[in-house]
Amino acid sequence: MRALTVQPGTAGTAELTDLPDPTPSDQRLLVEGLAVGVCGTDREIIAGDYGWAPPGRDRLVLGHESLGRVQHAPPGSDFHDGDLVVGVVRRPDPVPCGACAHGEFDMCRNGRYTERGIKELDGYAAQLWTVEPDYAVRLDPRLTEVGMLMEPTTVVAKAWEQVDTIGARSFYDPRRVLITGAGPIGLLAALLGIQRGLDVHVLDRITAGPKIDAVTALGATYHHDPVDEVAGKLQPDVVIEATGAGSVVFDAIANTAAYGITCLTGVSTPGRRLSIDAGAQNREIVLDNDVVVGSVNANLRHYHTAADALGKADVDWLRRLITRRVPLEKFTDALTAHPDDIKVVLTLS
Ligand SMILES: [Zn+2]
């Protein structure tokens, strides 16, 4: 079988590699890889920025936004041949820390977790892969063309869970959400907001293209004016921040409604400085009982929430998010993001 592999830490090493087919076992599902989504993390690993090969090896199989079809399910597992599945990305650390010991490996305290396609475990950008039944999640068969959107959906399912958990500390009746950034995370966060019956607003810098069409088709409102203006008018109860841009983050935090919750999901590059009125920021957060929370990754609970959310979504709308499908042998075409791309997908078969 062929797989997309890379020598982590060294730029320019991504290649298609012939690897031996995995053998069926009674402990793991054998899965035919259908597609993987490509995201910034994959591009950064390919650029040599980070990534870790499995112990004792030079190369790592890439891919963490998986989608496959079960070829062989171990007897006694909850899966059947032909099931549409995704594999979970993270595994608990070996110690394990208290969070990992309780299944909350997305909140790992010691950083020794492993991740398929990123950190010490081979990923899912392979024509065949295996996965432990406990770390596979079945998808609605209607999602055959779009199920690789699961992993980013798990990230927003967790972000919404953080918002709910924080909101529940007192009386909570959110009406309006502002989502900053109309990439896959922002658009999927908007989908979950609409599914909750909220008044959803999405802000980005672009003025035309498929991202805006996707916002409108969802029944949300698109904005491209400066964040402080838009948030100042909207006074959102919830902000889900998906740009990682410092100025956007601080302008959003400063303009929430009272009891506002801002959930930060964008990972930014250190070293960019901006001038902020720290006194005003502190005053706003304290006097409004605001909360700012960071959120990353997802555990099994979030995978199941995400599978439910995608299962009840309009498949035609989800299809809008996949702006390019690139066959595995042309993987280099998937590594450069075009300005209008939402999600680029590598097809594996
Ligand atoms: Zn841990």
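Residues numbered from 1 in each chain as written. Predicted model: local features only at pLDDT ≥ 70, side-chain atom pairs only at ≥ 80, totals over all residues. Heavy atoms only, no water.

Looking up the protein chain in an unreviewed UniProt entry gives the name Threonine dehydrogenase-like Zn-dependent dehydrogenase, with the organism given as Pseudosporangium ferrugineum. On record in UniProt, under Cofactor (unreviewed entry), the comment for the protein chain is "Zn(2+)". (UniProt positions renumbered as here; feature names shortened; annotations may be inferred.)

1. Points about helix α8 (residues 278-287)
The α-helix winds at 3.6 residues per turn, so residues separated by three or four positions along the chain end up facing the same way. Sitting at the head of α8, D277 places a side-chain oxygen 3.2 Å from the backbone nitrogen of G279. Downstream of α8 by one or two residues, N289 has phi in the positive range, about 55°. (Polar contact = N/O pair within 3.5 Å; in protein donor to acceptor, adjacent residues only side chain to side chain. Helix = DSSP H or I, 4+ residues; strand = E, 2+ residues; numbered from the N terminus.)

2. Here we look at unusual backbone geometry
Looking along the chain, the bond that leaves V95 and enters P96 is cis, with omega of -20°. Summarising the element assignment, P96 is placed in the loop between β7 (90-91) and α2 (98-101). In this model, E120 sits at a positive phi of 70°, which is unusual for a non-glycine residue. Mapped onto the secondary structure, E120 falls in strand β9 (residues 120-121).

3. Brief notes about the UniProt feature "domain: Alcohol dehydrogenase-like N-terminal" (unreviewed entry) in the protein chain
Mapped onto this numbering, the UniProt entry gives "domain: Alcohol dehydrogenase-like N-terminal" (unreviewed entry) at residues 27-139. Note that residues 27-139 is 10% helix and 34% strand, and that its end C-alpha atoms are spaced 21 Å apart.

4. Quick look at the pairing of strand β19 (residues 343-347)
Along β19, four of the five residues are buried, which leaves the element largely enclosed by surrounding structure. As defined by bridge partners, strand β3 (residues 29-38) adjoins β19 across four bridges and the pair is classed as antiparallel. Pairing of V38 across the sheet is with V344, part of β19. Looking at chain direction, strand β18 (residues 322-327) and β19 are connected through five bridges and run parallel. Among the inter-strand pairings, R324 is bridged to a residue of β19, identified as V344. (Buried < 20%, exposed > 50% of the residue type's maximum accessible area, 1.4 Å probe, protein only. Pairing = 2+ DSSP bridges.)

5. Things to note about the coordination of the zinc ion
The protein atoms donating to the zinc ion are D93 (OD), C97 (SG), C100 (SG) and C108 (SG), with metal-donor distances spanning 1.9 to 2.3 Å. Around the zinc ion sit four donor atoms, and with donor-metal-donor angles ranging over 98 to 121° the site reads as tetrahedral. Mapping the donors of the zinc ion onto the primary sequence gives the spacing D-x3-C-x2-C-x7-C. (Donors = N, O, S within 2.8 Å, 3.2 Å for Na, K, Ca; no water. Tetrahedral: all angles 85-135°; square planar, octahedral: opposite > 155°, others 65-115°.)

6. Concerning the packing of helix α3 (residues 150-167) against helix α9 (residues 300-311)
Between α3 and α9, the least distance of the axes is 8 Å, while the angle of their chain directions is 110°. As judged from the angle between their axes, α3 and α9 are roughly perpendicular. Here α3 contributes M150, E151, T153, T154, A157, K158 and E161 to the contact with α9, which in turn contributes R301, H302, Y303, T305, A306, A307 and L310. When the residues that make up the contact of α3 with α9 are grouped by side-chain class, the tally is six nonpolar, four polar and four charged. (Axes fitted to C-alpha atoms, helices over the stretch in contact; angles between N-to-C directions. Parallel < 35°, antiparallel > 145°, perpendicular 65-115°, else oblique. Contact = heavy atoms within 4.5 Å. Nonpolar A, V, L, I, M, F, W, Y, C, P; charged D, E, K, R; others polar.)

7. Let's talk about the UniProt feature "domain: Glucose dehydrogenase C-terminal" (unreviewed entry) in the protein chain
Within this structure's numbering, the places UniProt gives as "domain: Glucose dehydrogenase C-terminal" (unreviewed entry) are residues 145-348. For residues 145-348, the end-to-end C-alpha separation is 12 Å, with 43% helix and 18% strand making up the annotated structure.

8. Digging into the sheet that holds strand β16 (residues 261-264)
Taking strand neighbours across the sheet as the criterion, the six strands line up as β14-β13-β12-β15-β16-β17 in an open arrangement whose pairing is parallel. At either end of the open sheet lies a strand with only one pairing partner, and these are β14 (221-223) and β17 (291-294). Neighbour to neighbour, the strand axes of the sheet diverge by 20° on average, direction disregarded. Where β16 and β17 come together, four bridges link them in parallel fashion. When the sheet's bridge partners are listed, T262 is paired in β17 with V292.

9. A look at the pattern of salt bridges
As enumerated under the stated definition, the model contains 17 salt bridges in all. Across the salt bridge formed by D106 and K158, the nearest N and O atoms sit 2.9 Å from each other. Of this pair, D106 sits in the loop between α2 and β8 (114-116) while K158 sits in helix α3; the two residues are 52 residues apart in sequence, bridging distant segments of the chain. Each member of the pair D106 and K158 is classed as buried. The network of salt bridges with common partners includes E145, D316, R319 and R325. (Salt bridge = Lys/Arg side-chain N within 4 Å of Asp/Glu carboxyl O.)

10. Section: the domain arrangement of the protein chain
The domains assigned to the protein chain are domain 1 (1-137 + 313-345) and domain 2 (152-292). Domain 1 and domain 2 are separated by 28 Å when their C-alpha centres are compared. Each partner contributes residues to the interface: domain 1 has 14 residues there, and domain 2 has 17 residues. In total, about 1,200 Å² of surface goes out of reach between domain 1 and domain 2, with carbon and sulfur atoms giving 71% of it. Taken as a group, W317, R320 and I342 account for 46% of the area that domain 1 buries against domain 2, more than any other trio of residues on that side. Across the contact surface, domain 1 and domain 2 share one salt bridge. Our enumeration of links across domain 1 and domain 2 arrives at two residue pairs in polar contact (both at pLDDT 80 or more). When residues in the side of domain 1 that touches domain 2 are grouped by element, the largest group, four residues, is from helix α10 (residues 315-321). Of the residues that constitute the side of domain 1 that touches domain 2, the class distribution is seven nonpolar, one polar and six charged. (Domains from an automatic or database assignment. Buried area = accessible area lost by both parts, 1.4 Å probe.)

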